[in-house]
Amino acid sequence: MTYGDIDVVADCGADPTWRTYSDGAFAEAVSAAQPGQTIGVPPGVYKTRAPVMAPPYVGWHGSPGTALVGTWAEHGSVIKPGPDWAQGDCPLNAVIALLDHAAGGYRTRSEEQHFHHLMLSGAALPAGQAVHGIASLDQVSRVQLREVHIGRMTGDGIHQEYPHDPYVQPGGWTGFHVFCRYNGGHGFLLRSADSNWTKCLATNSGLDGWHLDTTGNTEYLGCRSEWSGQSGYRYTCRNNQVASGGVAFTGCRTDRSAGNGFLATGGVAIPLALTGCTFKRDAANDRAAYAGIRVRRFAGPVTITGCQVFPGLNDDGTGALTPYQALRVTGGSRAVLAGCYLHGHRRAWTADDTSSVICDRTTTWATGPTSGPVIVAGP
């Protein structure tokens, strides 16, 4: 069976058994690949000791693997760094590195890298350094990820890096069924504008499930964050270009984040929309500063439509009933709500004197236990 124009096993001699290193085979495949071609990664586990470069206009196609439900299995096409991993002279410490045209020495823009049916496993990485799964540097654009699974990294699952210059911001990324699990950093650290992420999942992240920074004109559809070490979603708006547009979260969910379910912050007046989202059992530390939805010093309007927040315990019935409160709005922020059900264990909502919360009669506010809510007055 052919997996691509260039087969890393048949054409380049990669070892799919994880006994020997396949860095040379991957480098040979990258060197041979022409724009528009695909590097095929047949089923197997491939051992690497340094970042694999992903050049522009080249696809990576593997074999479907496992969802890793219940056990840490490695099936399908798996790239798994060895215990003697070293970043070397690559500017990104990542299993797969996407560099912009300047850092990568490319004669064209760095864009249109495709990844399909790949699994990256950091289970053998050494401690002491943050190694990301797939990482990009500066203006790498129109990257496509489909059915990609990244787990056990010591850093972030997906990581986008740039020096906060809006004119070198990555853009146009598309993610579909990307699964980041048990990564020591963030599940997704994204800074790309004009992007779309659909049905992607972060679970058991050491930090935020989704850490989103300056991602204007972007939609998140049906995405999920579970058991994050910090917030389920943290969206920080820094966009300052005239063309910057709003960000929408539709049908997204959280479950048992240690921090806020959704945190919105940032000093630029770009609108944010939460529609049909559910934030469950968040703020698991039971602190009053956290909430299912937290809006803090957010300059733009936040519209919350048809969303739900409700409390709960751990799966085994232990732990605190959280979140402490469903909605908290502070620092001159504005939130407008319609058709929501917002239920906090101890408080339904809070807002400081500089902020405003506007809701209509279709929004219900509640406190108390999940099984016996007490309906309370809204703002």
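Quick note: structure is the one above.
About the criteria used
- Residues numbered from 1 in each chain as written.
- Predicted model: local features only at pLDDT ≥ 70, side-chain atom pairs only at ≥ 80, totals over all residues.
- Heavy atoms only, no water.
- Helix = DSSP H or I, 4+ residues; strand = E, 2+ residues; numbered from the N terminus.
- Rg over C-alpha atoms; globule rule 2.2 N^0.38 Å.
- Buried < 20%, exposed > 50% of the residue type's maximum accessible area, 1.4 Å probe, protein only.
- Contact = heavy atoms within 4.5 Å.
- Phe/Tyr/Trp six-rings, centres within 6.5 Å; stacked < 30°, edge-to-face > 60°.
- Lys NZ or Arg CZ within 6 Å of the ring centre and 35° of its normal.

1. Comments concerning the overall build of the chain
Point 1. Scanning the chain for helices and strands turns up two helices and 35 strands.
Point 2. Computed over its C-alpha atoms, the radius of gyration of the chain comes to 22 Å, within 12% of the 21 Å expected for a compact globule of 379 residues.
Point 3. Overall, the chain is about 70 × 50 × 35 Å in size when its C-alpha atoms are taken along their principal axes.
Point 4. Taken over 379 residues, the chain has a buried fraction of 54%.
Point 5. Within the chain, contacts between residues separated by at least 24 positions form 66% of all contacts whose residues are at least 6 apart in sequence.

2. Thoughts on the packing of aromatic side chains
Point 1. For the structure shown, the criterion picks out 16 aromatic pairs.
Point 2. Between Trp197 and Trp210, the aromatic rings sit 6.4 Å apart at their centres with planes inclined by 80°, giving edge-to-face as the arrangement. Here Trp197 is found in strand 15 (residues 196–198), whereas its partner Trp210 is found in strand 17 (residues 210–213), with 13 residues between them in sequence.
Point 3. Among the residues examined, Trp210 registers a relative accessible area of 0% and is labelled buried.
Point 4. Geometrically, the ring pair formed by Trp210 and Tyr233 is stacked, given 5.9 Å between the ring centres and 15° between the ring planes. Pair noted here: Trp210 is in strand 17 and Tyr233 is in strand 20 (residues 233–236), with a separation of 23 residues, a long-range link.
Point 5. Of the aromatic side chains, those joined through ring pairs into one cluster are Phe188, Trp197, Trp210, Tyr220, Tyr233, Tyr235, Phe249, Phe262, Phe279 and Phe298.
Point 6. Positioned over the ring face of Trp18 is Lys47, at 4.5 Å from the centre of the ring.
Point 7. Positioned above the aromatic ring of Tyr21 is the side chain of Lys47, whose terminal nitrogen or guanidinium carbon lies 4.8 Å from the ring centre.

3. Digging into the environment of His149
Point 1. Of note, His149 is situated in strand 11 (residues 144–151).
Point 2. Taking relative accessible area as the criterion, His149 reaches 6% and is therefore assigned buried.
Point 3. For the pair His149 and His177, spaced 28 residues apart in sequence, the C-alpha to C-alpha distance is 8.4 Å.

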